[in-house]
Amino acid sequence: MVVPHHPAGARLARQRLAGDLADVVPPTLLADLIAVLAELVGNAVRHARPLPGGVVRVAWRLRPSADGPRIQLRVTDGGAGTGPRIRTADPDAADGRGLHIVAGLATRWGVERDGLGQRVWAEFDPIPTTRPDLVRAG
């Protein structure tokens, strides 16, 4: 799908992803996917040029496995002077933590460049339907 190279593009991508995958993946994985996709689209809007037409291309792919679906998210933009990298943010900084979130939630992530721009991807291995790292309130 294509979304505008605008902050509203992240919202549109999140809504479509949630609608497409709500009945396919566990809720905890869906929450991680939505958070990572929002970060990747947000980074594309803030730091990269748009693709022709003023857009960012967003895609996801599910690959079945015995343990559940393996999922790859991809966000393609027009590139920037420097590529995406994890940086150290001051404790009081309002931004600078997005790729820390991506690296923390995704199994792996990376960047590919071609003559048209760059694609940032994040992959997720299947997770169990219950996660011991999440604490239930109440």
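That block above? That's the structure.
This report concerns the structure included in the present document.

Reading the values: rules and limits
- Residues numbered from 1 in each chain as written.
- Predicted model: local features only at pLDDT ≥ 70, side-chain atom pairs only at ≥ 80, totals over all residues.
- Heavy atoms only, no water.
- Helix = DSSP H or I, 4+ residues; strand = E, 2+ residues; numbered from the N terminus.
- Contact = heavy atoms within 4.5 Å.
- Core = buried A, V, L, I, M, F, W, Y, C linked by side-chain atoms within 4.5 Å.
- Buried < 20%, exposed > 50% of the residue type's maximum accessible area, 1.4 Å probe, protein only.
- Pairing = 2+ DSSP bridges.
- Axes fitted to C-alpha atoms, helices over the stretch in contact; angles between N-to-C directions.

## Observations concerning the side chain of Asp-77
Thinking step 1. With respect to the secondary-structure elements, Asp-77 resides in strand 3 (residues 70-77).
Thinking step 2. Aside from chain neighbours lying at most four places away, what touches Asp-77 is Ala-44, Ala-48, Arg-49, Leu-51, Leu-116, Gly-117 and Gln-118.

## Points about the nonpolar core
Thinking step 1. Ranked by size, the top nonpolar core spans 27 residues in total, and within it Leu-33, Leu-37, Val-41, Val-58 and Leu-73 carry the most contacts.
Thinking step 2. Per-element tally for this core: the top contributor is helix 2 (residues 27-47), with 9 residues.
Thinking step 3. Dropping the residues within four chain positions of it, Leu-73 is found in contact with Leu-17, Leu-33, Val-36, Leu-37, Ala-59, Trp-60, Val-120, Trp-121, Ala-122 and Phe-124.

## A look at the environment of Val-58
Thinking step 1. Examined against the element boundaries, Val-58 turns out to sit in strand 2 (residues 55-63).
Thinking step 2. A residue is classified by how much of its surface remains accessible, and Val-58, at 1% relative accessible area, is buried.
Thinking step 3. Dropping the residues within four chain positions of it, Val-58 is found in contact with Met-1, Val-3, Ala-13, Leu-37, Val-41, Arg-74 and Val-75.

## Looking at the sheet that holds strand 4 (residues 108-114)
Thinking step 1. Spatial strand order, 1-2-3-5-4: 5 strands in an open sheet with antiparallel pairing. Each having just a single partner strand, strand 1 (2-4) and strand 4 make up the two edges of the open sheet. Between one strand axis and the next, the sheet turns through 20° on average, direction left out of account.
Thinking step 2. Sheet topology places strand 4 next to strand 5 (residues 117-124); 7 bridges connect them, and they run antiparallel. In the strand pairing of strand 5, Arg-108 is matched with Glu-123.
Thinking step 3. Sheet strands in contact with helix 1 (residues 7-21) are strand 1, strand 2 and strand 3, and its direction is about 20° off that of strand 2.

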